[in-house]
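The lines below spell out each chain.
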Amino acid sequence: MKPAPFDYLAPRSVDEAVAALQHAGGDAKVLAGGQSLVPLMNLRLARPAVVVDINQVAGLDAIGVEDGHLSLGALVRHADLAADPRVASGWALLHDAANLIGHPAIRNRGTVGGSIAHADPAAELPGVLTLLGGSIMATGPRGSREIVADDLFVTYLTTALEPDELLTEVRVPSLPAGTGSAFVEFARRHGDFALVGAAAAVSLRDGQVADARLALIGVGATPVRVDLGSLTGQPAGAEAWTAGGRLAAEAADPDSDLHAPAEYRRHLAAVMAERALHQAAQRAGGSRS
Ligand SMILES: Cc1cc2nc3c(=O)[nH]c(=O)nc-3n(C[C@H](O)[C@H](O)[C@H](O)COP(=O)(O)OP(=O)(O)OC[C@H]3O[C@@H](n4cnc5c(N)ncnc54)[C@H](O)[C@@H]3O)c2cc1C
């Protein structure tokens, strides 16, 4: 299979990339890791007139810690995210999520910016960004702006990014000290996109739930945040995690597709949520957040 004809540009700076996107008047696609865009083009589900390859843009592959948040350049590869010791110790949920993305070959090429901009509702990183309340920086002809996760994911494969905007950076806040986290998912085969996944963060006080957060993937058009306010003050134990699972099933809004019927995804939402909350609570108070 071959893509439809297109012009190929390889800018060397963010300004050049933005100018190329603007010049194409909405008929361009950014090429990052190519793990989603290239198959779509080969199947002719995407037919951009211009492909703007950002792999030679300097400075977009840095990982840094600034004012307590993690700063990830758009071109940070999933494998680099998974291998970074600062991420493993301070952003364990992100570390766990990165290791769940596809296969090693996908993780070696696929990028953080590409995963967020592609906005697949079954992708792990948008789920983590939603749970942690992260944001992205977007640069376009009108300047740069920050878009928070809650405003970013609009629907299936659609974000609030304008066609002439480049996602340059992903900002991920850390969890409060002593908070445990876990990412649990179910896929039909190892390395497949998850049918359903759950990201959880739990902190405890005197054996009770002090705070619990949950986000689901694969159960709606965007990552789904679940309100677990009713768990606060409950004894930290099986009953609370089962209640969290029930709330997850209620919040889930899945469609049936060729992979699974909606009811099965809703059932999985409860099971994955319960497991993630249990695991996060076990890790709470330890050195691993
Ligand atoms: C077999 C297989 C299994 C996979 N399994 C998983 C999985 O389990 N979990 C998961 O999350 N993902 C999975 N993926 C997808 C993978 O994570 C991709 O890396 C990711 O979806 C897109 O990242 P990319 O860098 O390859 O982006 P690309 O394919 O280059 O681009 C994807 C889209 O994002 C846009 N884009 C990319 N970068 C930017 C930017 N900086 N600014 C603006 N727009 C941008 C592109 O224009 C395009 O529309 C899988 C892919 C394959 C092929």
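What counts as what
- Residues numbered from 1 in each chain as written.
- Predicted model: local features only at pLDDT ≥ 70, side-chain atom pairs only at ≥ 80, totals over all residues.
- Heavy atoms only, no water.
- Pairing = 2+ DSSP bridges.
- Helix = DSSP H or I, 4+ residues; strand = E, 2+ residues; numbered from the N terminus.
- Axes fitted to C-alpha atoms, helices over the stretch in contact; angles between N-to-C directions.
- Contact = heavy atoms within 4.5 Å.
- Near = heavy atom within 4 Å.
- Polar contact = N/O pair within 3.5 Å; in protein donor to acceptor, adjacent residues only side chain to side chain.
- Areas by Shrake-Rupley, 256 points an atom, 1.4 Å probe, with all protein chains shown as cover.
- 1 Å grid on protein atoms, 1.4 Å probe; cavity = no way out; pocket = protein on both sides within 12 Å on 5 of 7 lines; lining within 4 Å.
- Sits in = over half its atoms within 2 Å of the grid points.

Student: Looking at this structure, how should I read the sheet that holds strand β14 (residues 224-226)?
Tutor: Within a beta sheet, neighbouring strands are joined by backbone hydrogen bonds and run either parallel or antiparallel to one another. Read across the open sheet, the 4 strands follow the order β11-β12-β13-β14; overall the sheet is antiparallel. Looking at the sheet topology across the chains shown, the edges are occupied by β11 (180-186) and β14. Strand-to-strand twist across the sheet, computed as the mean angle between neighbouring axes with direction ignored, equals 15°. Pairing geometry for strand β12 (residues 196-205) and strand β13 (residues 208-217), over 9 bridges, is antiparallel. Considered in β13, the bridge of A198 is made with L216. Set on the sheet, helix α5 (residues 92-99) makes contact with β11 and β12; between it and β11 the angle comes to about 20°.

Student: I'm lost on the site of the ligand in this one. Help?
Tutor: Close contacts around the ligand come from 29 residues, with V30, G34, L37, T111 and E124 the closest. One nitrogen or oxygen atom from the main chain of L37 is found 2.7 Å from an oxygen atom belonging to the ligand. In the complex, 89% of the free accessible area of the ligand, which totals 970 Å², lies under the protein chains. Put simply, the ligand lies in the largest pocket. Secondary-structure elements contributing two or more residues to the shell around the ligand are β2 (28-31), α7 (112-118) and β10 (166-173). Ranked by the residues each element gives to the shell around the ligand, the list is headed by α7, at 4 residues.

On their own, these measurements won't tell you what the molecule is for.
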